[in-house]
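# Notes for the structure review
As a plain string of letters, each chain reads:
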Amino acid sequence: LGRDVERLKTVAEDARATGAPATTTMAADLRSVHGFGAAWAQAVEALKGEPTDVVCCHGIGIHGPAESVSLQDFDACFEVNVRGVFGLLQVALPSMRERGSGHFVAVSSVLGRNFSNDR
C-alpha cells in the first residue's frame with residue numbers, strides 16, 4: 001500500500017524479479033481511519049480473498065532539528081507512522097486469527113535506531 005502508484009509498480013516489479021510468488025500493490029491513504037478499511041477491502045477484492053501476509057513499510061519523515069518541527073508536522077508523522085500501522089493491523093488481524101495463520105510485518109526506518117544530529 002502506498003500513495004505513489006509509480007513507486008508501487010516498481011516495488012511489485014522488483015519483488016517479482018526476485019521470485020516473489022504473488023505481489024499485489026495498491027494505492028491507499030493510511031492517514032485516514034476510513035483508509036484502513038478501504039485498503040483492506042481493495043486487497044480482498046484484488047486477491048479474491050483475504051491476504052495471508054501483510055508487509056507494512058509505509059512512513060513519512062520530518063527533517064530538521066526537533067525545535068523547528070511544527071506540531072502539525074509531528075502529528076502528521078505520528079498519524080502515518082504509528083497510527084497507520086496500528087489501523088492496518090486492526091483490519092488484518094481478525095481474518096488471520098480466524099484462519100489460525102498469517103504474518104503481519106511492520107518495517108520502520110533506520111532513523112528509528114540511528115540518531116542524527118540534525119533531527
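For the structure, see preceding data.
All figures in this text were calculated on a predicted structure; none of them were measured in a lab. (Residues numbered from 1 in each chain as written. Predicted model: local features only at pLDDT ≥ 70, side-chain atom pairs only at ≥ 80, totals over all residues. Heavy atoms only, no water.)

## Overview of the nonpolar core
- Judged by nonpolar contacts, Ala28, Leu30, Phe36, Ala39, Trp40, Val54, Cys56, Val85, Leu88, Ala92 and Met96 together constitute the single largest core of 11 residues.
- Of all the secondary structure elements, the ones that give two or more residues to this core are helix 2 (33-47), strand 1 (53-56) and helix 3 (71-99).
- Not counting the four nearest positions on each side in its chain, alanine 39 is found in contact with Leu1, Met26, Ala28 and Leu30. (Core = buried A, V, L, I, M, F, W, Y, C linked by side-chain atoms within 4.5 Å. Buried < 20%, exposed > 50% of the residue type's maximum accessible area, 1.4 Å probe, protein only. Helix = DSSP H or I, 4+ residues; strand = E, 2+ residues; numbered from the N terminus. Contact = heavy atoms within 4.5 Å.)

## Quick word on helix 3
- Between its first and last C-alpha, helix 3 extends 41 Å over 29 residues, near the 42 Å set by a 1.5 Å rise per residue.
- Arginine 83 marks where helix 3 bends most, by close to 40°.
- Among all positions in helix 3, only Cys77, Val80, Gly84, Val85, Gly87, Leu88, Ala92, Ser95 and Met96 are buried.
- Downstream of helix 3 by a residue or two, glycine 100 has a phi angle that is positive, lying close to 80°. (Expected span 1.5 Å × (residues − 1). Bend = angle between axes of the 7 residues up to and from the residue.)

## Regarding the pattern of salt bridges
- Taken as a whole and assessed by the stated rule, the structure comprises one salt bridge.
- With its nearest N and O atoms 3.4 Å apart, the salt bridge here joins lysine 9 to glutamate 6. Here lysine 9 and its partner glutamate 6 are both found in helix 1 (residues 5-17), three residues apart, which amounts to about one turn of the helix.
- We classify lysine 9 as partly exposed; its relative accessible area is 43%.
- The class of glutamate 6 is exposed, set by a relative accessible area of 53%. (Salt bridge = Lys/Arg side-chain N within 4 Å of Asp/Glu carboxyl O.)

## Points about the pairing of strand 2 (residues 103-106)
- When strand 1 meets strand 2, the two strands line up parallel, connected through four bridges. Following the sheet pairing, valine 54 is matched in strand 2 by phenylalanine 104. (Pairing = 2+ DSSP bridges.)

## Focus on the environment of glycine 49
- By the element assignment, glycine 49 lies in the loop between helix 2 and strand 1.
- Measuring from C-alpha to C-alpha, the distance between glycine 49 and glycine 37 comes to 15 Å, with 12 residues separating the pair along the chain.
- Not counting the four nearest positions on each side in its chain, glycine 49 is found in contact with Ala43 and Val44.

## Focus: the environment of valine 80
- Mapped onto the elements of the fold, valine 80 is located in helix 3.
- Residue classification places valine 80 among the buried positions, given a relative accessible area of 8%.
- Taking the C-alpha atoms as reference points, valine 80 and alanine 17, 63 residues apart in sequence, are found 29 Å from one another.
- Once you skip the residues sitting within four places of it in the chain, valine 80 turns out to touch Arg31, His58, Gly59, Ile60 and Val85.

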